[in-house]
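Okay, here's what each chain looks like letter by letter:
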Amino acid sequence: MTTLADILTELGKAGRRLDQLHACEAQAGNMSVALAQAPDLSLFPDAEDYVLPAVVPALAGWTVIVTGSGTRLRDVADEPAACLAAVQIDDDGVHAVLHSAPTRSFARPTSEFNSHLGVHADQVARRPGLGMHTLVHAQPRYLVALSHIPELVDTTAMSRAITRWEPETLIQLPDGVGVLPFAVPGSRELMDGNVALLRTHQIVLWCKHGIMVRSDDGPLSAVDKVEYAETGATYEYWNRSGAGSGQGLTPDEIRAVIAAFGVQTSLY
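A brief structural summary. (Residues numbered from 1 in each chain as written. Predicted model: local features only at pLDDT ≥ 70, side-chain atom pairs only at ≥ 80, totals over all residues. Heavy atoms only, no water.)

### Re the overall build of the protein chain
To keep it simple, the criterion reads: Runs of E in the DSSP output that reach at least two residues are strands. Runs of H or I that reach at least four are helices, and both are numbered from the N terminus. Taken over C-alpha atoms, the radius of gyration is set against a globule rule of 2.2 Å times the number of residues to the power 0.38. In this scheme, a residue with accessible area under 20% of its type's maximum is buried, one over 50% is exposed, and one in between is partly exposed, where area comes from a 1.4 Å probe on protein chains only. Contacts: residue pairs with any heavy atoms within 4.5 Å of one another. Note that accessible areas follow from Shrake-Rupley with a 1.4 Å probe, and for residues the cover is restricted to the protein chains shown.
Each helix and strand counted, the protein chain has nine helices and nine strands in total. Its C-alpha atoms give the protein chain a radius of gyration of 19 Å, near enough to 18 Å, the size a compact globule of 268 residues would have. Its C-alpha atoms put the protein chain at 55 × 35 × 35 Å along the principal axes. Within the span of the protein chain, comprising 268 residues, buried residues form 53% of the whole. Contacts spanning at least 24 positions in sequence make up 74% of the contacts within the protein chain whose residues lie at least 6 apart. Surface exposure of the protein chain reaches about 11,400 Å², of which carbon and sulfur atoms provide 49%.

### A short note on the pattern of salt bridges
Where we set the bar: Salt bridges are counted wherever a side-chain nitrogen of Lys or Arg sits within 4 Å of a carboxyl oxygen of Asp or Glu.
A complete count under the given rule lists twelve salt bridges for this structure. In this structure, the salt-bridge partner of D78 is R16, at a minimum N-O distance of 2.8 Å. Of this pair, D78 sits in the loop between β3 (63–67) and α2 (80–83) while R16 is found in helix α1 (residues 4–20), placing the two residues 62 residues apart along the sequence. On the accessibility criterion, D78 (59% relative accessible area) is exposed. The exposure class assigned to R16 is partly exposed, which follows from its relative accessible area of 40%.

### With respect to the packing of helix α3 (residues 113–126) against helix α7 (residues 188–197)
Spelled out, the test is: All axes here are fitted lines through C-alpha atoms, helices being fitted over the stretch that makes contact, and every angle between N-to-C directions spans 0 to 180 degrees. Oblique is the label for every angle not falling under 35 degrees (roughly parallel), over 145 degrees (roughly antiparallel), or within 65 to 115 degrees (roughly perpendicular). A crossing counts as left-handed when the near helix is turned anticlockwise from the far one by less than a right angle, and as right-handed when that turn is clockwise. Residues are sorted three ways: Asp, Glu, Lys and Arg are charged, Ala, Val, Leu, Ile, Met, Phe, Trp, Tyr, Cys and Pro are nonpolar, and all the rest, Gly among them, are polar.
In the contact formed by α3 and α7, the axes pass within 9 Å of each other and the chain directions differ by 30 degrees. The angle between α3 and α7 falls in the class roughly parallel. Read as a crossing pair, α3 and α7 show a hand that is right-handed. On α7, the residues touching N114, S115, G118, V119 and D122 of α3 are L190, M191, N194 and V195. By residue class, the composition of the contact of α3 with α7 is four nonpolar, four polar and one charged.

### Comments concerning the nonpolar core
To keep things clear, this is the line we draw: Take the buried residues of types Ala, Val, Leu, Ile, Met, Phe, Trp, Tyr and Cys, join any two whose side-chain atoms come within 4.5 Å, and each joined set is a nonpolar core.
In terms of nonpolar packing, the biggest core is built from 44 residues, with L11, L18, M31, I65, L84 and I162 touching the most fellow members. Apart from the residues lying within four places of it in its own chain, the contact partners of M31 are L11, A14, G15, L18, I65, V66, T67, L73, V76, H116, L135 and V136. Of all hydrophobic cores here, the second largest spans 21 residues; its members include Y50, L59, F106 and A121.

### Re helix α8 (residues 219–240)
Our working rule: Each residue after the first adds 1.5 Å to the expected span of a helix.
An ideal rise of 1.5 Å per residue puts 32 Å on 22 residues; α8 measures up with 31 Å between its terminal C-alpha atoms. At the exit of α8 stands G242, carrying a positive phi of roughly 100 degrees.

### A few points about the sheet that holds strand β5 (residues 95–100)
Where we set the bar: Any two strands with at least two DSSP bridges between them are considered paired.
Spatially, nine strands are ordered β2-β5-β4-β3-β1-β6-β9-β8-β7 in an open sheet, and the strand pairing comes out mixed. Taken across any chain shown, the strands that pair with only one partner, and hence form the sheet edges, are β2 (46–51) and β7 (178–180). Recorded for the sheet is a direction-independent mean angle of 20 degrees between the axes of neighbouring strands. Where β3 and strand β4 (residues 84–89) come together, five bridges link them in antiparallel fashion. Bridge pairing in β4 links V64 to V87. Along the sheet, α1 makes contact with β1 (30–35), β3, β4 and β6 (132–138), crossing β1 at roughly 155 degrees. Packing against the sheet, α7 makes contact with β7, β8 (203–206) and β9 (210–215), and its axis sits at approximately 165 degrees to β7.

### Remarks on unusual backbone geometry
The phi dihedral of H22 falls on the positive side, at around 60 degrees, and the residue is not glycine. Structurally, the position occupied by H22 is in the loop between α1 and β1. Judged by its relative accessible area of 47%, H22 falls in the partly exposed class.

Coordinates in, geometry out; function isn't part of it.
See the structure below:
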């Protein structure tokens, strides 16, 4: 993706796919794309001063395209100007300019913008040269359902549960899914735990709430990871609910997949 138009197109497609996955009911879910190079913001002619909900000096000079609070991800494709804002971050990492369109349908960016900013800043600080970083928060039903099971509130246990049904899942998610115990939405506890786990995982499951997934390759790449994880969770849920009596891939079969594809994983 090289232009704002490309980014908006991908965000729209990602929102629709998440809706198809039943992962963003009503106004649930949010997305953001952080850009090192400022894009053409003519679609967002209105500008106002904005104090960031997190202090992020690592993002000085960056622009973050983000969904508005209360918007529906399924609407982004048809109404990007109504659903999105562009936040240009000042040098102090505290203040910013919020750019939006006259047709915007929200008062402020997503209420979980602090978690988005925290992860973007952490990734940028740790990986010099990063030019774009995408985050998607969604609420896929089977992953969330499994997070209510006490024995699965554990990164290794959850990751093994959802990667044992198809070889592709482990290949695509070699680190599995990081599991974060329940924290109040929008809280500092959630933000800090999310930032830490996304250093080692592409997907973090917020127990009894949803997920956040990161990608260097754009929104659709992030949603691809959601699909793999949610498919594994669906098999696990069905099996646990009595719809099946499958054993999943055996340890020997999993080791064969790891060897054949050179999977770098600590899960098995």
